[in-house]
Amino acid sequence: MVNKQGQTRLAKYFAEFLTTDERRALEGEVVRKCLSRTDKQCSFYEHRQYKIVYRRYASLFFMIGVDDDENELAVLEFIHCFVEVLDKHFGQVCELDIMNEPEMVHYILDEMLLNGQIVDTNKANILEPVQLLEQVTT
């Protein structure tokens, strides 16, 4: 997840074979390409051995790199679901919410993904443990 200036606000990798420098370089290439694309272009493209699926919400770009076996439309729907869950939790999520509570955003993402695979998209199921966690911490 990056803002319009290309600053990374959230990153999660499931490919263990990439070094930190390789991740940084790949991330920079993908971000520059996504930011340079127009609104009239489709929301996915091929980059190296990955398919990049992205979607812009206000000032944030949500980007996911997947292999050739993944369905691009399903990934777009996952991004939309993730944003809806963030909206429901934060109440109109914005960049500051993500910057101020990155642990919560990662926790929500972890509720939806397991080892890079989508395991749940039911908003109530995802937010239930999040709400329980917040009750314990307050």
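Description of the structure in this document. Within each chain, residues carry numbers counting from 1 in the order of the written sequence. Totals for whole chains, interfaces and linings use all residues, but because this is a predicted model, local features are given only for residues with pLDDT of at least 70 and pairs of side-chain atoms are given and counted only at 80 or more. Computation of side-chain values: all heavy atoms of the structure, hydrogens and water removed.

### Some details on the sheet that holds strand E1 (residues 2-3)
The antiparallel open sheet is built from four strands, whose spatial order is E1-E4-E3-E2. Looking at strand neighbours, the two that pair on one side only are E1 and strand E2 (44-47), the edges of this open sheet. Two strands qualify as a pair provided DSSP detects at least 2 bridges between them. The numbering of helices and of strands both runs from the N terminus, where a helix is a DSSP run of H or I of at least 4 residues and a strand a run of E of at least 2. Direction of pairing for E2 relative to strand E3 (residues 50-57): antiparallel, over a ladder of four bridges. Residue glutamate 46 lies in a different strand from E3, and its bridge partner there is lysine 51. Any two residues whose heavy atoms approach within 4.5 Å at even a single point are treated as in contact. Geometry is summarised by axes, namely lines fitted to C-alpha atoms with helices restricted to the contacting stretch, and by angles between N-to-C directions that run from 0 to 180 degrees. Against the sheet, helix H1 (residues 20-36) contacts E1, E2, E3 and strand E4 (60-66), and its axis sits at roughly 145 degrees relative to E2. Each of E2, E3 and E4 touches helix H2 (residues 72-90); the most contacted strand, E3, lies at about 35 degrees to it.

### Examining the pairing of E3
Counting buried residues along E3, six of its eight residues qualify, which places the element largely inside the surrounding structure. The turn joining E2 and E3, which pair antiparallel and follow one another in sequence, is formed by two residues; a positive phi near 55 degrees is taken by arginine 48. As paired strands, E3 and E4 are joined by seven bridges and run antiparallel to one another. By the bridge assignment, tyrosine 54 is partnered in E4 with methionine 63. The antiparallel hairpin formed by E3 and E4 contains two residues in its connecting segment, where alanine 58 sits at a positive phi of about 55 degrees. Partly exposed residues are those whose accessible area sits between 20% and 50% of the maximum for their type, while under 20% is buried and over 50% is exposed, using a 1.4 Å probe and protein chains only.

### Topic: the environment of valine 53
Among the secondary structure elements, valine 53 is positioned in strand E3. Distance from valine 53 to serine 36, taken between C-alpha atoms, is 14 Å for residues 17 residues apart in sequence. Aside from chain neighbours lying at most four places away, what touches valine 53 is Ser43, Phe44, Phe62, Met63, Ile64, Val66, Glu72, Val75, Leu76 and Ile79.

### Here's the deal with the pattern of salt bridges
A side-chain nitrogen of Lys or Arg and a carboxyl oxygen of Asp or Glu constitute a salt bridge if their distance falls within 4 Å. Applying the stated criterion across every chain, the model contains six salt bridges. Residues arginine 9 and glutamate 95 are paired through a salt bridge, measuring 2.7 Å at the closest nitrogen-oxygen approach. You can see arginine 9 sitting in the loop between E1 and H1 and its partner glutamate 95 sitting in helix H3 (residues 95-100), a full 86 residues away along the chain. Where glutamate 84 meets lysine 123, a salt bridge forms, and the shortest distance between an N and an O atom there is 3.0 Å. Of this pair, glutamate 84 sits in helix H2 while lysine 123 sits in helix H5 (residues 123-137); the two residues are 39 residues apart in sequence, bridging distant segments of the chain. Judged by its relative accessible area of 29%, glutamate 84 is partly exposed.

### Focus on unusual backbone geometry
The backbone of arginine 48 sits at a positive phi, close to 55 degrees, despite the residue not being glycine. Position of arginine 48 relative to the elements: it lies in the loop between E2 and E3. Phi at alanine 58 takes a positive value of approximately 55 degrees, unusual for a residue other than glycine. Turning to its location among the elements, alanine 58 is positioned in the loop between E3 and E4. Its relative accessible area of 67% is what places alanine 58 among the exposed residues.

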